[in-house]
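# Architecture and fold: a report
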Amino acid sequence: MSTHAHRRPGLSPGTLIVDPNATATTVRVLRYSADTLSESEIHKVSEIPPIEPGTTLWIEVVGLKNLDLLRDLGERFDLHPLVVEDVVNVNQRPKAESYGVSEHFIVARMPIVDPRRSRWTTEQVSLVVKSGLVVLFQEKPSPAFDSIKERLREGRVRLRSSGVDYLTYAILDSIVDAFYPVLLDLSTELEATEDQLLDDADNTELKTLHNIRRNLIRLRRAALPLREALGSLLRDPEVDGFFRPETLVFLRDAHDHATRTLEQIDNDRELAASLADLYLSMVSNRTNDVMKVLTMIATVFIPLSFLVGLYGMNFDTNRAGNMPELDLPYAYPLLLALMVSIGIGFVVFFKRKGWL
Amino acid sequence: MSTHAHRRPGLSPGTLIVDPNATATTVRVLRYSADTLSESEIHKVSEIPPIEPGTTLWIEVVGLKNLDLLRDLGERFDLHPLVVEDVVNVNQRPKAESYGVSEHFIVARMPIVDPRRSRWTTEQVSLVVKSGLVVLFQEKPSPAFDSIKERLREGRVRLRSSGVDYLTYAILDSIVDAFYPVLLDLSTELEATEDQLLDDADNTELKTLHNIRRNLIRLRRAALPLREALGSLLRDPEVDGFFRPETLVFLRDAHDHATRTLEQIDNDRELAASLADLYLSMVSNRTNDVMKVLTMIATVFIPLSFLVGLYGMNFDTNRAGNMPELDLPYAYPLLLALMVSIGIGFVVFFKRKGWL
Amino acid sequence: MSTHAHRRPGLSPGTLIVDPNATATTVRVLRYSADTLSESEIHKVSEIPPIEPGTTLWIEVVGLKNLDLLRDLGERFDLHPLVVEDVVNVNQRPKAESYGVSEHFIVARMPIVDPRRSRWTTEQVSLVVKSGLVVLFQEKPSPAFDSIKERLREGRVRLRSSGVDYLTYAILDSIVDAFYPVLLDLSTELEATEDQLLDDADNTELKTLHNIRRNLIRLRRAALPLREALGSLLRDPEVDGFFRPETLVFLRDAHDHATRTLEQIDNDRELAASLADLYLSMVSNRTNDVMKVLTMIATVFIPLSFLVGLYGMNFDTNRAGNMPELDLPYAYPLLLALMVSIGIGFVVFFKRKGWL
Amino acid sequence: MSTHAHRRPGLSPGTLIVDPNATATTVRVLRYSADTLSESEIHKVSEIPPIEPGTTLWIEVVGLKNLDLLRDLGERFDLHPLVVEDVVNVNQRPKAESYGVSEHFIVARMPIVDPRRSRWTTEQVSLVVKSGLVVLFQEKPSPAFDSIKERLREGRVRLRSSGVDYLTYAILDSIVDAFYPVLLDLSTELEATEDQLLDDADNTELKTLHNIRRNLIRLRRAALPLREALGSLLRDPEVDGFFRPETLVFLRDAHDHATRTLEQIDNDRELAASLADLYLSMVSNRTNDVMKVLTMIATVFIPLSFLVGLYGMNFDTNRAGNMPELDLPYAYPLLLALMVSIGIGFVVFFKRKGWL
Amino acid sequence: MSTHAHRRPGLSPGTLIVDPNATATTVRVLRYSADTLSESEIHKVSEIPPIEPGTTLWIEVVGLKNLDLLRDLGERFDLHPLVVEDVVNVNQRPKAESYGVSEHFIVARMPIVDPRRSRWTTEQVSLVVKSGLVVLFQEKPSPAFDSIKERLREGRVRLRSSGVDYLTYAILDSIVDAFYPVLLDLSTELEATEDQLLDDADNTELKTLHNIRRNLIRLRRAALPLREALGSLLRDPEVDGFFRPETLVFLRDAHDHATRTLEQIDNDRELAASLADLYLSMVSNRTNDVMKVLTMIATVFIPLSFLVGLYGMNFDTNRAGNMPELDLPYAYPLLLALMVSIGIGFVVFFKRKGWL
């Protein structure tokens, strides 16, 4: 399970080990104020413009391969050593952490739907926020934050003039929104499976159901600590003052959305469990029906077959006491009548048992 | 699943996207004080009378299609941008929110029973409360609040003279009450299903049971955050002072009713789960009974059929060692006696096993 | 489900709707101090003596049909409108509420065992406590509080001289005690069912087990909010000062008893669930045993029956290649030997499978 | 269920009802200081020496039959009336209660293993602690506290010189320790049952498993409130100051042991539940295997038996169209070949189904 | 179950009982400051250098057999008597305890993977921290802390110059990290079992699944109190000031890792439970399929076999009424046609039932 990747036990914290399969690093810088916006891709940390009062600097780092660049970035903006470590070791638990009053660090796992839509994965998104500066780290390029950039370019007033705390909110809100398509897919698949299971199903649908449950567990595992992190941003006194009251309202809204996502996940899990129960009962019921048919047929015909076998025996009818009934007149119609009575007797018996 | 509707990821908050199937907007204004009551349907926001001390203005907006009207309303009464967004994007989590001390915003989901009674849906009801003003937004026309209007028209003293906080309570109480008929239907259906399952059931009853569980999960999903919202109105220090002590008592009563509804839902869910367990055991029991009958019949007659088959073989009885028993006198009655003994032996065996 | 009775949605709170099947109202007044005790049944509210310092007035109202009397009572003692409503609408959630410092209102559901003992129901008991006054409302006459009256008449020092708070405790304690006989019945029935299920059971015992679970759910539903109400009497600062420290000790004891009742209910529910699991496994086990017997018998005799059938065929033994074995000497004993070997072979096979 | 014994509903608290089967009361007094120790069995309360500063008086009451003695004891040391009631009515919920600052009352249920080891019961141990005085009430004589007495007699410094709070801790610690042997027995039995169930089991092991679950539920019911009581001794401000800091450390240790016991109980319960699940799956699996064997044998031979029956019919082969195949040369070997092909066909079919 | 080892009930706390199978004690002393590092193995407590300001003394005790040495150590460094007892009695619940402001005691259980990797056990690791001193007790030698010693020897600046609190963090972090390989093994095994169960499985895979669940329960039991202990180090006011703010950040990180481990364990447990459910449904489904095949074959051929048996009877066709149909022309083809119709009739019946 790749999710267990972790630095080697006992290593000094701050040790940076790069995943050899990591995507090559690209760095994009957006610098904006209410009136201005400049945007550029840079290759050295020294190309990044300085932080200036009144402007917001958004550095978007995609791909975590170039360790030197990341380390330079950490030094240039004086980031805490654990921040750079947590950014690179991409299996952190989602969290919001404050290093002093001036530096906030948020880690989240964002679901990424594969374009072919048959699978989804999560990637770690890390966010360092300081006065005038937001640094966003992603494992792979993804379109999740494109619309924020669009809105910046279009010059939307609120976003352009609201500074670092509002940009932080906008990024977090995009991450929360990224859970919706995955959850929607799972819910839709669950409904389809429900219909199939209620109709008539074999083990394929059962495996699908189990697979949905697995995915819901995985999704929950990413969503729960994200909600916690949002909650601690809302309540933690150390964060106090970073988000202005007008932004806090929006952040609370994002927290509500995360809560709603979690509730939907839990409902779907409960539904899936109820469905699994139902299915087991339905199969048992069907087996019971099948058994009844078999038992009725066998119970009627096995004694009758015994009877016809009995009179198929080759006993010498001339010996004393041997099968005199074979020689009786109308023996055959009498036997037929007996067998019909036996059959009717069993039908009555089955009726009483409630099997018919 | 339509419940996942949500604004496109990354959109600026405050963006209003109208559902093309939304009901056309109608606005009804009630303005009352202890002595006066005027009521009118308006088409432009400018027709709404101003807020005056001593009177309460209740604006009831039904249908969310006319976005311009809603936006005008927001501007006229200076509502927070998120309020209008949450009103229009109708899949909010029920909540109570305060924007400053003077504006409170409550979102709830209210169950609406279809007149044909076979289905129910939930619709979002939003409530903005400011000094002297209550704005109520509904997705579709529903009779849920008619009795409040009746009481206003009849000139009930308490309602007419108690102002905005009491009207807020009255609306919330109506929403809580709307859960009762749906829950009553589900509980009644659950009891009927219970009786059928205990009698004798097939997979139809199982599907009904599963359906009830689904509906209970859905109902709970609407009721739980509503109770939370009522609880936060009772306890949140930001709301403090809005509800006067004499109204708080009533609000606490509505909170109790919501709690009672939730407890009933949870009891029904537990009962449904216990019922599903019971059913599985009963089916297994029945299969066991069916199997016993089959096994007894087969166990008795299969060996006997073998015996009669044995003496039906065409071995030449004149050859050395071949079936001399066929020629014995009284061979047939002896064989019959043997077979009766075998039958009796098995009956004793079954008695000992406790199958008879 | 009668438990859903509720005032019509949207009705003004305080509206009193009387259940047409309610018991006719009788009012009994006890007035006592350390030295005196007077007791009378009254028919008009004006007959009730006034509250006097140093004496305790206990008004016991049984039956909720006479709405005018109840309303008069409310007016005479200046009760909160919600109190009278909650008393009459008898499906309140158990709770303890304070209306200001001087009026406390407690609602409980008390289990009433039917004298024929085969069923139990719950009825709402409401309690209004003011300085010097306790009003107790019951739906139907019940002997639950007779022993308190006995103790008053006998002149027990503590009860007679301890005033309103101690009487309140004594009534609450009687309500908590009323859960014991019902729970004892259920526990005893559960134990009996356990013994029967472990022996050998059919679906009757399963239905009994399910019925016990239902009753435990119902009992829990009455007991849980009662414990909460007692807890809030112990801790709520609004109640502070009403119960004197020497009475608080007793109230805490009643709270412990309620907790103990709840723990017993939960243990019984867990036991019942474990029992249902056990039963399913035992039935599956029995089915497995039955199947083994059937399979062994059938597996041995079906091939043998085939063999004897084979040599019962009427092929003309004079044609080329047709059944020459029938004509062999000692063919019959050889065939018998073959069939015995087949039988022994299967026995060995079954031993290896562990079925014998 | 004897655990429901309770005073008659409505009785005045403080009423003492003695269980007629109670053990006769014996009272043992230990009085010690750092330097001195005297020990005696007394028969009248007046024989008990007075409480003196610097000495600790430990009164051990075993057996609760002599009500007068208990009442005298209560009067002599001025115990709260509820204390004596709770001591005698031996089905209290374990708890720690303070009556004012100077009197603390602790009730626990202690498991007592029957010497024959096949059963265990719980008995109530009550503890009243006042300045310089510890009164310990037990239902029956048990060796649980012997080692404390040994240590006192041996003159262990810490115990002899640490006063009432340390003695209280020592007694509570002995009670917590008394859970270990019972839990150890249950865990060992669970492991043995696990091995048997995984091998091959019948309903005897299932009943054992259910019995273990019952016992774990019972044990938990005694241990959980004991841990709570220890926790409230650690945290309750009313108790504050009674335990000196150096004793608090030991008390926290006893609390840890109780927590560990509870965690072990919960683990064992979870393991037992998982085992019950496993067993059901294994039985289902075995039934499936048995069914496959039956179905394979029956499916191969039933059609073959039909064929051999077909050619055993007595149709007159001389009539037009009647069974000409019987007269063909090599008809018999051809039929045999057909039957072998049918058998091989089914084997291939079963292979494809994965049954072989 | 060896996990229940515990001092004999009633023993004085502080009594040291040595496990006769304990590993012989070895003591290793590391003494370092930013500039210096000395390392030695000692055999008597008197060889340990004194604590000096500016240097950190790390005493690593492996093996708990030499009781005298442990007791000398406790005396030399003035450790609380409970500390030495808890170190030696190795079944403590993981915890963090403070004895006054200057002495902190941490107990953890660390998973140790057996080199042969087929099993893992836990051992108790205890940690006493005082000003300038860390004493680490282990039951057996393990390489878990080697990398810390490496880093000390390599002269890593942060570790060498950060003193006692950072060393404490580094040791705790190593313990948290020790859970990863065990959990990784279990998760990998769970995934493999999942694949096998979904393919086709017998009871071996079921036992493996149960075994994984057992191990997850065991692992959780060690991890949960460790997380709690880390949490209390973060929050407990008594610990306040011991960890400097710059170390607290790292400790919070270790707490996050422990939380992540616990979440992974819980997810795996849920997955295993869902898998067990799935498996039961799949087996029931397979049994249902097997039953259908048997029932179809038997239902078609049993009546047919009856028919062919019927005409195999030896009734004298010359007697009145006896089997005239045997003598009819074309009787045989007619019978064949009848039997084919019966077969087709059943196929249609099965199609309608949805079995084909």
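Predicted model only: the values in this text are computed from it and were never measured.

## Considering the arrangement of the chains
You won't find any contact between chain A and chain D; their C-alpha atoms come no closer than 9 Å. Spatially, chain B and chain D are disjoint, and the shortest separation between their C-alpha atoms is 9 Å.

## So, the interface of chain C and chain D
Contacts between the two partners involve 70 residues from chain C and, on the opposite side, 68 residues from chain D. Around 6200 Å² of area is buried between chain C and chain D when both sides are counted, 58% of it from carbon and sulfur atoms. Here chain C and chain D share 6 salt bridges between them. Between chain C and chain D we count 16 residue pairs in polar contact (both at pLDDT 80 or more) in total. Those elements giving two or more residues to the side of chain C that touches chain D turn out to be α3 (146-154), α5 (163-177), α6 (179-199), α8 (245-310) and α9 (331-353) of chain C. Sort the elements by how many residues they give to the side of chain C that touches chain D and α8(C) lands first, with 35 residues. For the side of chain C that touches chain D, the per-class residue count stands at 29 nonpolar, 21 polar and 20 charged.

## Observations concerning the relation of the copies chain A and chain B
Rotating chain A by 72° about the axis while translating it 0.0 Å along that axis superimposes it on chain B, leaving an RMSD of 0.0 Å. Look at the turn and shift together and you get a five-fold axis relating the two. Ranked by how close their C-alpha atoms come to the rotation axis, the residues of chain A are headed by A:Gly312, at 4.8 Å. Mapped onto chain B, only 14% of the interface residues of chain A again fall at the interface, so the copies present different surfaces.

## Some remarks on the sheet that holds strand β2 (residues 37-42) of chain D
Residues and elements named next belong to chain D. If you trace the 7 strands from one edge of the open sheet to the other, you get β2-β1-β3-β7-β6-β5-β4, paired in mixed fashion. Strands at the two margins of the open sheet, each flanked by one partner only, are β2 and β4 (95-99). Ignoring strand direction, the axes of neighbouring strands in this sheet form an average angle of 15°. Examined bridge by bridge, β4 and strand β5 (residues 103-113) share 5 bridges and lie antiparallel to one another.

## Some details on the pattern of salt bridges
Across all of its chains, the model carries 110 salt bridges over all chains by this definition. A salt bridge links A:Asp68 to A:Arg71; its shortest N-O distance comes to 3.7 Å. Linking A:Asp68 with A:Arg71, this pair stays in helix α1 (residues 67-76), spanning 3 residues, or about one helical turn. The closest approach of N and O atoms between E:Glu52 and E:Arg31, which form a salt bridge, is 2.8 Å. Here E:Glu52, found in the loop between β2 (37-42) and β3 (56-62), pairs with E:Arg31, found in strand β1 (residues 26-32); they are 21 residues apart in sequence, far enough to count as distant. Residue classification places E:Glu52 among the partly exposed positions, given a relative accessible area of 38%.

The rules behind the values
Residues numbered from 1 in each chain as written. Chains lettered and ligands numbered in written order. Predicted model: local features only at pLDDT ≥ 70, side-chain atom pairs only at ≥ 80, totals over all residues. Heavy atoms only, no water. Contact = heavy atoms within 4.5 Å. Buried area = accessible area lost by both parts, 1.4 Å probe. Salt bridge = Lys/Arg side-chain N within 4 Å of Asp/Glu carboxyl O. Polar contact = N/O pair within 3.5 Å; in protein donor to acceptor, adjacent residues only side chain to side chain. Helix = DSSP H or I, 4+ residues; strand = E, 2+ residues; numbered from the N terminus. Nonpolar A, V, L, I, M, F, W, Y, C, P; charged D, E, K, R; others polar. Least-squares fit on C-alpha atoms with pLDDT ≥ 70 in both. Pairing = 2+ DSSP bridges. Axes fitted to C-alpha atoms, helices over the stretch in contact; angles between N-to-C directions. Buried < 20%, exposed > 50% of the residue type's maximum accessible area, 1.4 Å probe, protein only.

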